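Summary of structural features
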Amino acid sequence: MRHLRALCAIADTGSLRKAARQLGMTQPSLTTQLRRIENTIGGRLFSREVTGSRPTPLGRSVLCRARPIVAEMNALLSEVRLEAGQTADARLRIGSTGSRAVVGWLRRLRDRYPEADTTIHIDVSANALLQMVAANQLDVAFVHEVEGAPLRVPEGVERRMLVEREPQFVALAETHPAAARPAVRLADLAADQWMVDPSVDGEGPGLRRVLAAAGLNPRVVYGDYLTAADLVASGEVVTPCQPTARSRQGVAVRPLHGDPLTVRLFLASRAAPAARTGAAGPDPDTALPADTEATGAAGPDTARGAPLDVDALFGDLADAYFEIAWASSAYRQWLVRNESPLLRSHEPRARDALDVLDLAGPAEVS
């Protein structure tokens, strides 16, 4: 367990020095320990770069197995200590596949539950996060599902739909001819090399399906989105990206004409006991309004024994998502142009913003 925790700390911090500080040991000791682990496994788990330590393909494979084990052990220790009366602190364990909305969500959750020990687990695999919810390693998880590539939702896990159809934009070099257009057609990228992250569930098959439907067969390569920016800026690849993604130096983020690539965003939690026994409960595929009032419905227990209000967590997530979506100029225009239900759930705030932008309504936005 000590070795697995060390590997997770190095991956999470991206630095041997920071990981050593987090683990309460010296950097030379952690370096020696990592060398011993790699000798045991028989391959390098991290590549040492100027910007820090990044997992190798073998390292990512080991981490995919290590993280659930570490999370399960942490949960075991917390529950045993709770039963032994060693702690009376509330716990809130959330997960996410990664979104700029997570920062605002965490801020709201800490305001709502100031006494709780709130932790977050980020994983590019939505299926892995859903399994952690089902195994009681996470209370809730915010995940995305690629259109045409359904996730494996375990029994006993229910969904609250945040966004039924979020468009995926494209990141390309600022010098790319298509970057001069407000929206890019797939045909404009027919000669480009696409890159997807193979560890993101459904991303590769989803992209290939869309390209095939458009009659295109460009080369698709695999890589890590965390290191893709330089490749995109140099013109080597183009990549799908979230509509809330920030443009980096040399990189342009543009909508795709016709929105061929889309995902669904939802919050997963364990079903209330009544839902498991077949009693009437919320429709897992029904979107809930972001301003739904807390109902105190049964949910996972906090360490203090009070039921977790998943509806309130969902409302905080919806507010955080709208905040970051509205801050993105290109995505804001998309939301208005498509009369997104997200605007209706935040109508007063959206209407105020439209007035500031001198946009009377969706019909007047080109």
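First things first, this report covers the structure right here in the doc. The structure presented is a predicted model; accordingly, all values stated were derived computationally and were not measured. (Residues numbered from 1 in each chain as written. Predicted model: local features only at pLDDT ≥ 70, side-chain atom pairs only at ≥ 80, totals over all residues. Heavy atoms only, no water.)

This part covers helix 10 (residues 310-327). The terminal C-alpha atoms of helix 10, which comprises 18 residues, lie 26 Å apart, in line with the 26 Å expected from a rise of 1.5 Å per residue. The element helix 10 is extensively covered by neighbouring structure, given that 15 of its 18 residues are classed as buried. Between a side-chain oxygen at the N-terminus of helix 10 and the backbone nitrogen of Asp311 the separation is 3.2 Å; the capping residue is Asp309. (Helix = DSSP H or I, 4+ residues; strand = E, 2+ residues; numbered from the N terminus. Expected span 1.5 Å × (residues − 1). Buried < 20%, exposed > 50% of the residue type's maximum accessible area, 1.4 Å probe, protein only. Polar contact = N/O pair within 3.5 Å; in protein donor to acceptor, adjacent residues only side chain to side chain.)

Moving on to the sheet that holds strand 11 (residues 251-254). Strand order in this open sheet of three strands is 10-7-11, and the pairing throughout is antiparallel. Lying at the two open borders of the sheet, with one neighbouring strand each, are strand 10 (239-241) and strand 11. Averaged over neighbouring strand pairs, the angle between their axes works out to 35° when direction is ignored. In this sheet, strand 10 lies alongside strand 7 (residues 169-173) in antiparallel orientation, the contact comprising three bridges. When the sheet's bridge partners are listed, Ala171 is paired in strand 10 with Thr239. (Pairing = 2+ DSSP bridges. Axes fitted to C-alpha atoms, helices over the stretch in contact; angles between N-to-C directions.)

Direction vectors running N to C along helix 1 (residues 2-13) and helix 3 (residues 27-41) enclose 110°, while the axes themselves pass 11 Å from each other. In terms of orientation, helix 1 and helix 3 fall into the roughly perpendicular class. Seen along the crossing, helix 1 lies across helix 3 with a hand that is left-handed. On the side of helix 1, the interface is formed by Arg2, His3, Ala6, Leu7 and Ile10, while helix 3 contributes Leu30, Gln33, Leu34 and Ile37. (Parallel < 35°, antiparallel > 145°, perpendicular 65-115°, else oblique. Left-handed = near helix turned anticlockwise from the far one by under 90°. Contact = heavy atoms within 4.5 Å.)

Residue position: Arg60 is located in helix 4 (residues 57-83). If sequence neighbours within four positions are ignored, Arg60 has contacts with Pro55 and Asp224.

Before going further, it helps to spend a moment on the packing of aromatic side chains. Overall, the coordinates contain five aromatic pairs when judged by the stated rule. Summarising the aromatic geometry, the rings of Phe169 and Tyr331 are spaced 6.3 Å apart at their centres and angled 85° between planes, so their arrangement reads as edge-to-face. Of this pair, Phe169 sits in strand 7 while Tyr331 sits in helix 11 (residues 329-337), placing them 162 residues apart in sequence. Tyr331 shares its class with Phe169; the two are buried. With a centroid separation of 5.9 Å and an interplanar angle of 35°, the aromatic rings of Tyr331 and Trp334 are classed as tilted. You can see Tyr331 and its partner Trp334 sitting in helix 11, three residues apart, about one turn around the helix. No difference in accessibility class separates Tyr331 from Trp334, as the two residues are buried. By way of ring pairs, the aromatic residues Phe169, Tyr321, Tyr331 and Trp334 are connected into one cluster. Across the ring face of Phe266, the terminal group of Arg159 is positioned such that the distance to the ring centre comes to 5.6 Å. Taking the ring centre of Trp326 as reference, the NZ or CZ of Arg332 above it sits at 5.9 Å. (Phe/Tyr/Trp six-rings, centres within 6.5 Å; stacked < 30°, edge-to-face > 60°. Lys NZ or Arg CZ within 6 Å of the ring centre and 35° of its normal.)

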